[in-house]
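Geometric and topological summary
One letter stands for each residue in the lines below.
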Amino acid sequence: MELIQNTPDLSAYLAADEVIDHHHPVVRETAARLAKEASDSYAYAQAAYEFVRDTVPHSGDSGDPRVTWRASTVLEQRTGICYAKAHALAALLRAEDIPTALCYQRLAHDDGAGHVVHGLVAVRFNGAWHRQDPRGNKAGVDARFSLDGERLAWVPDAKSNEVDYPVLYAEPHPVVLGVLKAAPDRPYLWKTLPTAL
């Protein structure tokens, strides 16, 4: 699948905004701590990925009712669903000048009823985009940071009407951000998650 930037301006994938707030002290402090241990940008990107994947529990797995969407809040509260974790990882990567996009998949819902949009990121290294899924591993999910072939949580099954959306967004998709901001808690969010983009 060919990944398509929604803007040709690569600097858009380094920008800070209200969601990917990499200028926030919590993001800056976390990035600085991770960068201190990294030998280069690749090692930093992998460390940031593993930090978000492994130390910020997916709220659906942990049962946390809080809904987070701003990167700094995700890192402060250490909770979030896939979109929120993608926002946090994007902020950490952009804080160290690594172009990072938000991207999405349409997957069959866990309960088998319909579909749900899943969020992940793409990082740019060596002139190419590489998708990464910081959702968090669990039984049946073994996502890993990789620039040599994707190691995502899920591979969409076309027979189940699952799809990889090819567009790389510089900012969160408005539909995704809208449902996150409108949800008072995760049980409510679960009923309003987007089924397609």
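All of the points below concern the structure found in this document. Worth saying up front: this structure is predicted, and the values here are computed from it rather than measured.

The rules behind the values
- Residues numbered from 1 in each chain as written.
- Predicted model: local features only at pLDDT ≥ 70, side-chain atom pairs only at ≥ 80, totals over all residues.
- Heavy atoms only, no water.
- Salt bridge = Lys/Arg side-chain N within 4 Å of Asp/Glu carboxyl O.
- Helix = DSSP H or I, 4+ residues; strand = E, 2+ residues; numbered from the N terminus.
- Buried < 20%, exposed > 50% of the residue type's maximum accessible area, 1.4 Å probe, protein only.
- Core = buried A, V, L, I, M, F, W, Y, C linked by side-chain atoms within 4.5 Å.
- Contact = heavy atoms within 4.5 Å.

1. Quick look at the pattern of salt bridges
Per the counting criterion, the structure on display carries 10 salt bridges. A salt bridge links Lys 181 to Glu 18; the nearest nitrogen and oxygen atoms lie 2.6 Å apart. You can see Lys 181 sitting in helix H6 (residues 174–182) and its partner Glu 18 sitting in the loop between strand E1 (4–5) and helix H1 (25–36), a full 163 residues away along the chain. Judged by relative accessible area, which is 41%, Lys 181 ranks as partly exposed. Across the pair Arg 144 and Asp 142 runs a salt bridge, and its minimum N-O distance is 3.1 Å. Judged by relative accessible area, which is 37%, Arg 144 ranks as partly exposed. Taking the relative accessible area as the measure of exposure, Asp 142 reaches 38% and is therefore partly exposed.

2. Quick notes on the environment of Ser 59
Turning to its location among the elements, Ser 59 is positioned in helix H3 (residues 59–62). The sequence separation of Ser 59 and Ile 81 amounts to 22 residues, and the corresponding C-alpha distance is 5.5 Å.

3. Focus: the side chain of Arg 135
Tracing the chain through its elements places Arg 135 in the loop between strand E4 (128–132) and strand E5 (163–164). The class for Arg 135 is buried, based on a relative accessible area of 6%.

4. What about the nonpolar core?
Ranked by size, the top nonpolar core spans 51 residues in total, and within it Tyr 83 and Leu 92 carry the most contacts. Breaking this core down by element, the ones donating at least two residues are H1, helix H2 (41–55), helix H4 (71–77), helix H5 (82–95), strand E2 (100–108), strand E3 (115–125) and H6. The element contributing the most residues to this core is H5, with 11 residues. Leaving out residues up to four positions away in the same chain, Tyr 83 has contacts with Tyr 104, Val 117, His 118, Gly 119, Val 176, Leu 180, Leu 193 and Pro 194. Judged by nonpolar contacts, the second largest core, of 11 residues, contains Ala 101, Trp 129, Leu 168 and Ala 170.

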